[in-house]
Amino acid sequence: MIHSENYKVLLVDDEADILEFLSYNLKQNGFKVFTAESGEKAIIKAKEIIPHIILLDIMMPGMDGIETCEKLRALSIMDNTIIAFLTARNEDYSQIAGFEAGGDDYINKPIRARVLISKIKAMLKRFEKTESKTLNEMNEDDKTIHIGNLIIDPERYIITVGTKEMEMPKKEFELLLLLISKPDRVFTREQIFNAVWGNDVIVSDRTIDVHIRKLREKIGDEQIKTIKGVGYKFVD
């Protein structure tokens, strides 16, 4: 269960009536709400409060939502902040640009208040998991990672699925570690290439597909989702 009062939400939109509508409904559901009317102000406010989630409009004068998201993602203090684009634009290229800029979700306007609240609560579940230490729950004696039905041993390149233990090739293992580092966040193909193979290594697009297929064979199809035209995400 999400405890709304524990979470800070930053709303970014250049339209005052939208900010007022969203603020009212989020506050009614217990969230701590902050607002900004531009990308520049959003960055200043985000540094000040370090929000758990940012709802970011794309079409804003000056610094638009895509550029704002890129600048926010460049800040290490925003690594765990969820950024969701809230916009009237629904073209595929716009959504792809949003994900490539570091966005975690894409919500189309108009949206009913109850639906929006439900989507926000679903996205915020990752913080509940962090607080309960289901991911990266480690101590000096136990370096394993527990997530869902997986037990991952980073030192031995071994994973346990249910009761079945298996060794994994290095690149498959690194790909899995990347995806589980931020459950429900979409990693673009470029991000995966850079993190797993490095900028100086040239591999084909098919390489990622093959490694994803092999991972699915080991841990199950349902935990790695394909975001068409963008990349992949791990679902706990």
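Definitions and limits used
- Think of each chain on its own: its residues are numbered from 1, step by step along the sequence as written.
- Where local features are concerned, this predicted model is filtered to residues with pLDDT of at least 70; where side-chain atom pairs are given and counted, the filter is 80 or more; whole-chain, interface and lining totals use all residues.
- Side-chain numbers come from the whole structure's heavy atoms, not from hydrogens or water.
- Any two strands between which DSSP finds at least two bridges are classified as paired.
- Think of it this way: any DSSP run of H or I at least four residues long counts as a helix, any run of E at least two long counts as a strand, and we number them from the N terminus.
- Only residues whose relative accessible area exceeds 30% and that form no salt bridge enter a patch; like-charged residues are grouped when within 9 Å of one another, and nonpolar side chains (Val, Leu, Ile, Met, Phe, Trp, Tyr) when within 5 Å.
- Note on areas: Shrake-Rupley with a 1.4 Å probe; residue coverage comes only from the protein chains shown.
- The salt bridge criterion pairs a side-chain nitrogen of Lys or Arg with a carboxyl oxygen of Asp or Glu, the two atoms within 4 Å.
- For the charge count, each Lys or Arg is scored as positive and each Asp or Glu as negative, with His and the chain ends excluded.
- Charged groups are reduced to one reference atom each: NZ for lysine, CZ for arginine, CG for aspartic acid, CD for glutamic acid.
- Note on classification: 1.4 Å probe, protein chains only; a residue is buried when its accessible area is under 20% of the maximum for its type, exposed when over 50%, partly exposed between these limits.
- Every angle, taken between N-to-C directions, lies between 0 and 180 degrees, and every axis is a line fitted to C-alpha atoms, over only the stretch in contact when it is a helix.
- Convention used here: angles under 35 degrees read as roughly parallel, angles over 145 as roughly antiparallel, angles from 65 to 115 as roughly perpendicular, and any remaining angle as oblique.
- Definitions for this section: a left-handed crossing has its near helix turned counterclockwise from the far helix by less than a right angle. A right-handed crossing has that turn clockwise.
- Any two residues having at least one pair of non-hydrogen atoms within 4.5 Å are treated as being in contact.
- Gly falls in the polar group here, along with every residue not listed as nonpolar (Ala, Val, Leu, Ile, Met, Phe, Trp, Tyr, Cys, Pro) or charged (Asp, Glu, Lys, Arg).

Engineer: Explanation requested: the pairing of strand β9 (residues 164-167) in the structure shown.
Structural biologist: Here is the key point about a regular strand: its side chains alternate between the two faces of the sheet. Direction of pairing for strand β8 (residues 158-161) relative to β9: antiparallel, over a ladder of four bridges. Across the sheet, residue V161 finds its bridge partner in β9, namely K164. Taken together, β8 and the strand that follows it, β9, pair antiparallel across an intervening segment of two residues, in which G162 is found at a positive phi of about 65°.

Engineer: Which parts of the structure should I look at to understand a negative patch on the surface?
Structural biologist: A cluster of acidic side chains, namely D14, E15, D17 and E20, defines a negative patch on the protein surface. Owing to a relative accessible area of 34%, D14 belongs among the partly exposed residues under this scheme.

Engineer: Sorry, what's going on with the packing of helix α2 (residues 39-49) against helix α3 (residues 65-73) here?
Structural biologist: For any two helices packed against each other, one specifies the crossing angle of their axes together with the interaxial distance. Contact geometry of α2 with α3 gives a least axis separation of 9 Å together with a crossing angle of 25°. When the axis of α2 is compared with that of α3, the two are roughly parallel. With respect to the hand of their crossing, α2 and α3 are arranged in right-handed fashion. On α3, the residues touching G39, A42, I43 and A46 of α2 are T68, K71 and L72. When its residues are assigned to classes, the contact of α2 with α3 shows four nonpolar, two polar and one charged.

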